[in-house]
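Chain and residue survey
Residue strings, one per chain:
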Amino acid sequence: KVDPTSAKYIILDLITERLVAVARGDWCDDAKEEDTNSWFCAAEQAINAIFTISPAPEKVTMEILLGHQLGIFGSQDEPLPASNSTAHSLRLSRFFFVLGHIALKLLIYTEVLSSSVRRANGVKTVKKQESA
């Protein structure tokens, strides 16, 4: 567990914020296909980094997906205007790319957690048998 007042936590938080901004594609211009094409590699690396450094990557990736959702569909409180009722294809491609990559990374993450729990239970069982 990381202390929220420690320098390590503050730096990790700043890095995570920047990685989220890259993965959301905040800098992409929907009028330029080149922006989205170069974004794919950057987003993949940002998501990989989030799963490496974040203690709770599922929460961080939720921020990314919510950011994409707001950019495409608006929110319940402030839906997009009727003139903007169709989503731009580049924006949708970024959303689905991130959605798929996050889904794969979460699957791997849960498998790692599951195997570590099984390993811990196995060690506990062995210790219990040795002490009996």
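Residues numbered from 1 in each chain as written. Predicted model: local features only at pLDDT ≥ 70, side-chain atom pairs only at ≥ 80, totals over all residues. Heavy atoms only, no water.

1. Here's the deal with the overall build of the chain
Of the regular secondary structure elements, the chain holds 4 helices and 0 strands. Along the chain, from the amino end to the carboxyl end, the secondary structure elements read α-α-α-α. Taking 2.2 N^0.38 as the reference for a compact globule, 132 residues should give roughly 14 Å; the C-alpha atoms of the chain span a radius of gyration of 20 Å, well beyond that estimate. Taking all 132 residues of the chain together, 23% fall into the buried category. In the chain, of all internal contacts separated by at least 6 residues, the share reaching a separation of at least 24 is 64%. (Helix = DSSP H or I, 4+ residues; strand = E, 2+ residues; numbered from the N terminus. Rg over C-alpha atoms; globule rule 2.2 N^0.38 Å. Buried < 20%, exposed > 50% of the residue type's maximum accessible area, 1.4 Å probe, protein only. Contact = heavy atoms within 4.5 Å.)

2. Description of the side chain of Ser-54
Along the chain, the position of Ser-54 falls in the loop between α2 (33-53) and α3 (57-73). Since its relative accessible area comes to 12%, Ser-54 is described here as buried. Within the structure, Ser-54 has its side chain in polar contact with the backbone nitrogen of Ala-56 (distance 3.2 Å). (Polar contact = N/O pair within 3.5 Å; in protein donor to acceptor, adjacent residues only side chain to side chain.)

3. Overview of the nonpolar core
Counting residues in hydrophobic clusters, the biggest one holds 14 residues, and the most contacted among them are Ile-47, Ile-50, Ile-64 and Val-98. Looking at this core, the elements with two or more residues in it are α1 (7-24), α2, α3 and α4 (89-131). With sequence-adjacent residues up to four places away left out, Ile-64 is seen in contact with Val-20, Ala-23, Arg-24, Ile-50, Val-98 and Ile-102. (Core = buried A, V, L, I, M, F, W, Y, C linked by side-chain atoms within 4.5 Å.)

4. As for the packing of aromatic side chains
In total, this model carries 6 aromatic pairs according to the counting rule given. Between the aromatic rings of Phe-40 and Phe-97, the centroid separation amounts to 5.0 Å while the plane-to-plane angle is 75°, which identifies the pairing as edge-to-face. Taken together, the positions of Phe-40 in helix α2 and Phe-97 in helix α4 put the pair 57 residues apart, joining distant regions of the chain. Note on Phe-40: relative accessible area 23%, which makes it partly exposed. Owing to a relative accessible area of 27%, Phe-97 belongs among the partly exposed residues under this scheme. Three or more aromatic residues joined by ring pairs make a cluster, and in this case those are Trp-39, Phe-40 and Phe-97. (Phe/Tyr/Trp six-rings, centres within 6.5 Å; stacked < 30°, edge-to-face > 60°.)

5. Section: the environment of Leu-99
For Leu-99, the position within the fold is in helix α4. Classification of Leu-99 by relative accessible area gives partly exposed; the value is 35%. The sequence separation of Leu-99 and Met-62 amounts to 37 residues, and the corresponding C-alpha distance is 9.9 Å.

6. Some thoughts on α4
The α-helix advances 3.6 residues per turn, and as a result positions three or four apart in sequence lie on the same side. In this model α4 runs 63 Å from its N-terminal to its C-terminal C-alpha over 43 residues, within 8% of the 63 Å that 1.5 Å per residue would give. Here α4 has its buried residues at Leu-90, Arg-94, Phe-95, Val-98, His-101 and Ile-102. (Expected span 1.5 Å × (residues − 1).)

7. Some remarks on a nonpolar patch on the surface
Residues Tyr-9, Ile-10, Ile-11, Leu-14 and Ile-15 make up a contiguous nonpolar surface patch of about 420 Å² in total accessible area. Tracing the backbone shows Leu-14 in helix α1. On the accessibility criterion, Leu-14 (38% relative accessible area) is partly exposed. (Patch = residues over 30% accessible without salt bridge, like charges linked within 9 Å, V, L, I, M, F, W, Y side chains within 5 Å. Areas by Shrake-Rupley, 256 points an atom, 1.4 Å probe, with all protein chains shown as cover. Salt bridge = Lys/Arg side-chain N within 4 Å of Asp/Glu carboxyl O.)

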